[in-house]
Amino acid sequence: MNLKNILVLLGIVVLFISYLKINEIINFSDSNLNEVNVKYQNNKNISTPLPMEHIVKIDDELLIGAGLDYPKIFISKEYWTNPIKSGSLFSFNTKTNELKELEIENFPKGVKFHPHGLTLYKDNTEKYYLFIINHSIKTNPEDNEERIEKVLLEINKPKISLTFKNTYSLPMNYFGTLNSIAVINFNTIYFTTHSYFPLPSFSIDENIDNYLNRIKYQIFDKINILFQKLNIKKTYLYSFDLEKRKINLINNSEGLFNHGLAYNPDKSLLYMARPFERDIKIFEISRNYPSKALLINTIKTIYNAKNIFYDIDNQKIYAGIYGSNKELISLENSYIQFGNFDDITSFGGFEEIDVSNDYEITELILMKDMIKGVSSGIKVNNNIYLTSTYQNEIFVYQK
């Protein structure tokens, strides 16, 4: 039997497994869920042109979010062939609830822009920069790479200006898709990956329906989860020395689905969320060798923290949370297969962790079917802002 036939057979076997509900096969032991009734009420939602996978807080008045059509960008051929960017950055004013799309000046022509993870960095001259993971899908899948865009952020309210400065690329055929990033300095960044597999080669033939691509993506996703659950392969945390173009795998960073990153510059600590394990790993970054990190602690979260943000002024970690791993898998499967998730029960919310008080969880929201596929959460004064991987809204909770 040649290699092609073996791969086809493997695909059939995995597809069969998927129809047997892989979330039961991999046996995630999620606890029973109930709504957590706190002082916050959802009394307004702000419509957005695209789902916002990630939001960051600039100050008490300004949030910036990354909008992209995930996972459609990986399974719909229109995204592979369309030369026009189909993702954007958005600013959100927390006082006026005004949402604005932001243009990046001098962004390279011909490069698609699908922003996923982003992080804010302030240099020693008080200038602000955004570092953005960009799934810059190319027409030929074999040429795909993951890009990290460096963008200067200038704020002269109400005007916000973004200027492209540089890009750093990583081969997708080695790292798969990138998930989140944290910037230590101009020469050192850290990143997590969504999977250890590269994306499958999707068809862009006009005569082939997107259904075939959806099937391929489901096979890809389920192999990834199954292999990790069986301890065959995990995802990891990596450091990237931009000057030397050297990438290091960080010891003791393995996880089923490593996700959000946040950096505490005062204590030189890096926080990494592991939603499937319901914890956050804490790494101490070497001040002399910032591309080296040592695991010093692991703190438990109550629910599944996805993207996280460290608020340096309040010494708090903010996390968008979802209720269970089975739920996450069911949402994505339903969305890929049917384009909706109306029949999937979903819990989503927010956790706040006090760094100054031995990582005590000081705020918790968990709501049923209010928001599906929570990805990020930010707290500003008495308001909490949540975004979703799938829904075109910013959900606002107020006391």
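Rules behind the numbers
- Residues numbered from 1 in each chain as written.
- Predicted model: local features only at pLDDT ≥ 70, side-chain atom pairs only at ≥ 80, totals over all residues.
- Heavy atoms only, no water.
- Pairing = 2+ DSSP bridges.
- Helix = DSSP H or I, 4+ residues; strand = E, 2+ residues; numbered from the N terminus.
- Axes fitted to C-alpha atoms, helices over the stretch in contact; angles between N-to-C directions.
- Buried < 20%, exposed > 50% of the residue type's maximum accessible area, 1.4 Å probe, protein only.
- Core = buried A, V, L, I, M, F, W, Y, C linked by side-chain atoms within 4.5 Å.
- Contact = heavy atoms within 4.5 Å.
- Polar contact = N/O pair within 3.5 Å; in protein donor to acceptor, adjacent residues only side chain to side chain.
- 1 Å grid on protein atoms, 1.4 Å probe; cavity = no way out; pocket = protein on both sides within 12 Å on 5 of 7 lines; lining within 4 Å.
- Points joined across faces, edges and corners; volume = space filled by probe spheres on them.
- Nonpolar A, V, L, I, M, F, W, Y, C, P; charged D, E, K, R; others polar.

Side note on the sheet that holds strand E14 (residues 246-249)
Pairing is antiparallel across the open sheet formed by four strands, whose spatial order is E11-E12-E13-E14. Two strands lie at the open edges of the sheet, namely strand E11 (178-185) and E14, each paired on one side alone. Pairwise comparison of adjacent strand axes, ignoring direction, gives a mean angle of 25° for this sheet. Inspection of the sheet shows E11 paired to strand E12 (residues 188-193) by five bridges, in the antiparallel sense. Residue pairing across strands places Leu 178 opposite Thr 193, the latter belonging to E12.

Some points on the pairing of strand E7 (residues 115-122)
In terms of residue burial, E7 counts as a mostly covered element, since six of its eight residues are buried. Sheet analysis places E7 next to strand E8 (residues 128-134), joined by six bridges and oriented antiparallel. Bridge assignment links Thr 119 to a residue of E8, and that residue is Phe 131. Taking the residues that link successive antiparallel strands as the turn, the E7-E8 hairpin has five residues, and the phi of Glu 126 there is positive, at about 70°.

Notes on the sheet that holds strand E19 (residues 304-311)
Taken together, four strands build an open sheet; the order of strands is E19-E20-E21-E22 and the sheet is antiparallel. Two strands bound the open sheet, and with one partner strand each, they are E19 and strand E22 (360-368). Each neighbouring strand pair of the sheet contributes to a mean axis angle of 15°, computed without reference to strand direction. Bridge count for strand E21 (residues 347-354) against E22 is eight bridges, and the pairing is antiparallel. Looking across to E22, one finds that Glu 352 is bridged to Glu 363.

Topic: unusual backbone geometry
Put simply, Lys 157 and Pro 158 share a cis peptide bond, and its omega is 10°. When you line up the elements, Pro 158 lands in the loop between strand E9 (145-156) and strand E10 (159-171). In this structure, Glu 126 takes a positive phi of about 70° despite not being glycine. One can find Glu 126 in the loop between E7 and E8. Positive phi outside glycine occurs at Arg 278, with the angle close to 55°.

Topic: the nonpolar core
Soluble globular proteins tend to pack their nonpolar side chains together in the buried interior. Counting residues in hydrophobic clusters, the biggest one holds 41 residues, and the most contacted among them are Ile 64, Leu 89, Ile 104, Leu 130, Leu 162 and Tyr 397. Setting aside its immediate chain neighbours within four residues, Ile 104 contacts Leu 89, Phe 113, Val 151, Leu 162, Thr 163 and Phe 164. Residues Ile 280, Ile 299, Tyr 303 and Leu 364 belong to the second largest nonpolar core, which totals 21 residues.

A closer look at the side chain of Lys 57
Following the sequence through the fold, Lys 57 ends up in strand E2 (residues 52-57). A residue is classified by how much of its surface remains accessible, and Lys 57, at 7% relative accessible area, is buried. A polar atom in the side chain of Lys 57 sits 3.1 Å from the side chain of Asp 60. A polar side-chain atom of Lys 57 sits 2.7 Å from a polar atom in the side chain of Asp 311. Setting aside chain neighbours within four positions, we find Lys 57 in contact with Leu 62, Leu 63, Leu 120, Phe 309, Asp 311, Asn 314, Ile 378, Lys 379 and Val 380.

Concerning empty space enclosed by the protein
Within the structure shown, the criterion is met by two cavities of 30 Å³ or more. Considering only enclosed or pocket space, the second largest cavity measures out at about 40 Å³ in volume. For the second largest cavity, the full set of lining residues is Met 52, Ile 55, Leu 63, Ile 64, Gly 65, Phe 90, Ser 91, Phe 92, Thr 387 and Ile 394. Across the lining of the second largest cavity, the residue classes tally to seven nonpolar, three polar and no charged.

Function cannot be read off these values alone, since they describe shape.
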